[in-house]
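Residues per chain, in single letters:
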Amino acid sequence: MSSDQAYTDGEAQNASGDVTSQYGGFQAEIDIPLVSIAFLIVVVNGYITLLISRRRDLRTPSNMILASLTVSDGLTGLISVPLLLICLSTASNETCMASAMFIRFISILSAVHILLLTLDRYVFIVHPHKYYDIVRKGRVLLVILAVWLMGILVTVIRLDWAINVYVFDESLDQEKEIDRKERIFNWFCLSAFFIIPLFITITLDAQLLFVLRHQVRKILQNNLIHARQEQSMRTKKRERRAVLVYVVVVVTFIICWLPYFILDLWQQWAKLSAAVVYLIMFIRVVTSLSNPIMYTLSHRTLRRAVVVSLRKTFGHKKHGRPRAMSYQSGQSGQSGLTAQLTKTETTQM
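Residues numbered from 1 in each chain as written. Predicted model: local features only at pLDDT ≥ 70, side-chain atom pairs only at ≥ 80, totals over all residues. Heavy atoms only, no water.

Engineer: Looking at this structure, how should I read the overall build of the protein chain?
Structural biologist: Summing up its helical and strand segments, the protein chain has twelve helices and zero strands in all. Ordered by position from the N terminus, the helices and strands of the protein chain form the series α-α-α-α-α-α-α-α-α-α-α-α. When contacts within the protein chain are restricted to residue pairs at least 6 apart in sequence, those whose partners lie at least 24 apart make up 83%. Carbon and sulfur atoms make up 66% of the accessible area of the protein chain, which totals about 17,900 Å². (Helix = DSSP H or I, 4+ residues; strand = E, 2+ residues; numbered from the N terminus. Contact = heavy atoms within 4.5 Å. Areas by Shrake-Rupley, 256 points an atom, 1.4 Å probe, with all protein chains shown as cover.)

Structure follows, in structure tokens:
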């Protein structure tokens, strides 16, 4: 199922007929998992988006980036997956091309948003006193708008030749010009939206770990003199959790995005089975569900807001308020970056 090859009208009809017999109609083992994931994607991303938009205290610069990411990921379940299911059911070239184009559009948005969240976390931890001067809401909104416009521009540019491409192609006859443009485009996407963001993420995360380790050592030294051993152990756990978060982010980014961005290039060199292509696309779709969950769990303030909201929704009362107050009062002696680490756990992503 490649969007990178073209062939004659007669061959297109034959190939389309073969694919229709293979994919046509409802197939439970393919359609049910995609429908289930699409439903969860819409619910989870829509919930996080509404929660951030309705609560003023959550409309921070980093959460604004996250809300934009949840909107783009939500479109995966709302539009991308339905188009993909229609493509698999009907083998319609127009529908399959629209599905491939829209998934690529959302993938570009998601990859850039993840990079923005990494940059935001880096500035917050490394330059805490300058963070709110550098990262302002107006600037964040302009950057988010620029990201969406860039995604639209890249998609529109591809339409220049993609409308002449047949998605289902089992022929060796290729139009060289279209093939050349597709190869250049795919290499550009792989470099701009995977290799470069991955390199930046690894570099920044390495620096963040160095800064956090340096700060943890200071905290431990202060605790040995002024505080209890329990506080020192809590600080060590916070450092280990930060390391785990950074490792998970990088590994998840590689596993979920590398196969997708090399898929089209891979199919130009060798024909892949339908099962392999489906698995790669399924993993890509799942990232739109894992993104909001992972970033919400790693953000202490947002995580608490979700818990409170769910408890209110299901009729539970919030407990443990005095303990939280006591913990905060116990941290009142910390200042500067140490205080910000304690209050927010600085695992914004």
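Engineer: I keep staring at the pattern of salt bridges and nothing clicks. Help me out?
Structural biologist: Pairing of side chains with opposite charge becomes possible as their charged atoms draw close. Per the stated rule, a full pass over the model turns up six salt bridges. A salt bridge links D57 to R55; the nearest nitrogen and oxygen atoms lie 2.7 Å apart. (Salt bridge = Lys/Arg side-chain N within 4 Å of Asp/Glu carboxyl O.)

Engineer: Can you walk me through the UniProt feature "transmembrane region" (unreviewed entry) in the protein chain in this structure?
Structural biologist: Following the UniProt record, the feature "transmembrane region" (unreviewed entry) maps to residues 32-52, 64-91, 97-119, 140-164, 184-212, 243-263 and 275-295 here. Across residues 32-52, helical content stands at 100% and strand content at 0%; the span's end C-alpha atoms are separated by 30 Å. Taken end to end, residues 184-212 is 100% helix and 0% strand, and its first and last C-alpha atoms sit 40 Å apart. (UniProt positions renumbered as here; feature names shortened; annotations may be inferred.)

Engineer: How do you make sense of the side chain of R104 when you look at a structure like this?
Structural biologist: Looking at the element boundaries, R104 is found in helix α4 (residues 93-126). A distance of 3.1 Å separates the side chain of R104 from the side chain of Y260, its partner in a polar contact. Those residues in contact with R104 that lie beyond four places of it in its chain are R158, F185, N186, C189, Y260, F261 and D264. (Polar contact = N/O pair within 3.5 Å; in protein donor to acceptor, adjacent residues only side chain to side chain.)

Engineer: How do you make sense of the state of the cysteines when you look at a structure like this?
Structural biologist: Two cysteines whose sulfur atoms are joined by a covalent bond form what is called a disulfide. Taken as a whole, this structure holds one disulfide when the rule is applied. Residue C87 pairs covalently with C96 via a disulfide, S to S 1.9 Å. Handedness here is read from the sign of the S-S torsion; for C87 and C96, about 100°, the answer is right-handed. (Disulfide = S-S within 2.5 Å.)

Engineer: I keep staring at the packing of helix α2 (residues 28-54) against helix α9 (residues 274-298) and nothing clicks. Help me out?
Structural biologist: A pair of packed helices is captured by two measures, namely the crossing angle of their axes and the spacing between those axes. Direction vectors running N to C along α2 and α9 enclose 25°, while the axes themselves pass 10 Å from each other. In this view, α2 runs roughly parallel relative to α9, as classed from their interaxial angle. As for how α2 packs across α9, the hand of that crossing is left-handed. When α2 is examined against α9, the residues E29, I30, P33, L34, I37, L40, I41, V44, N45 and I48 are found in contact with a partner set consisting of Y278, F282, V285, V286, S288, L289, P292, I293 and T296. Looking at side-chain class alone, the contact of α2 with α9 contains 15 nonpolar, three polar and one charged residues. (Axes fitted to C-alpha atoms, helices over the stretch in contact; angles between N-to-C directions. Parallel < 35°, antiparallel > 145°, perpendicular 65-115°, else oblique. Left-handed = near helix turned anticlockwise from the far one by under 90°. Nonpolar A, V, L, I, M, F, W, Y, C, P; charged D, E, K, R; others polar.)

Engineer: Would you explain the confidence of the model for the protein chain in this entry?
Structural biologist: Low-pLDDT portions of the prediction should not be read for the details of their coordinates. In the predicted model, the protein chain carries a mean pLDDT of 77, and the fraction of residues at 70 or more is 70%. Across residues 1-22, confidence stays below pLDDT 50; counting only partners more than four residues off in sequence or on other chains, it has 58 contacts. Low pLDDT, under 50, characterises residues 318-349; the stretch is placed with 63 contacts to residues that sit more than four places away or in other chains. (pLDDT = per-residue confidence, 0-100.)

Engineer: Looking at this structure, I do not really get the environment of I32. What am I missing?
Structural biologist: Inspection of the secondary structure assignment puts I32 in helix α2. Once the C-alpha coordinates of I32 and L85 are considered, the two residues, 53 residues apart in sequence, prove to be 10.0 Å apart.

Engineer: Could you clarify how one ought to interpret α4 in this entry?
Structural biologist: Structural remark: α-helix, 3.6 residues per turn; residues separated by three or four positions point the same way. In a regular helix each residue adds 1.5 Å, so 34 residues correspond to 50 Å; α4 covers 49 Å between its end C-alpha atoms and thus fits that length. Counting buried positions along α4 gives 29 out of 34 residues, so the element sits mostly inside the fold. (Expected span 1.5 Å × (residues − 1). Buried < 20%, exposed > 50% of the residue type's maximum accessible area, 1.4 Å probe, protein only.)

Engineer: Got a minute to help me understand the packing of aromatic side chains in this structure?
Structural biologist: Two measures describe an aromatic ring pair: the distance that separates the ring centres and the angle between the ring planes. Under the counting rule described, the total for this entry stands at eleven aromatic pairs. Ring geometry for Y131 versus Y132: centroids 4.9 Å apart, planes at 85°, classification edge-to-face. Judged by relative accessible area, which is 2%, Y131 ranks as buried. With a relative accessible area of 55%, Y132 lands in the exposed category. Ring-pair connections join several aromatic residues into one group, and the members of that group are F194, F253, W257, Y260 and F261. (Phe/Tyr/Trp six-rings, centres within 6.5 Å; stacked < 30°, edge-to-face > 60°.)

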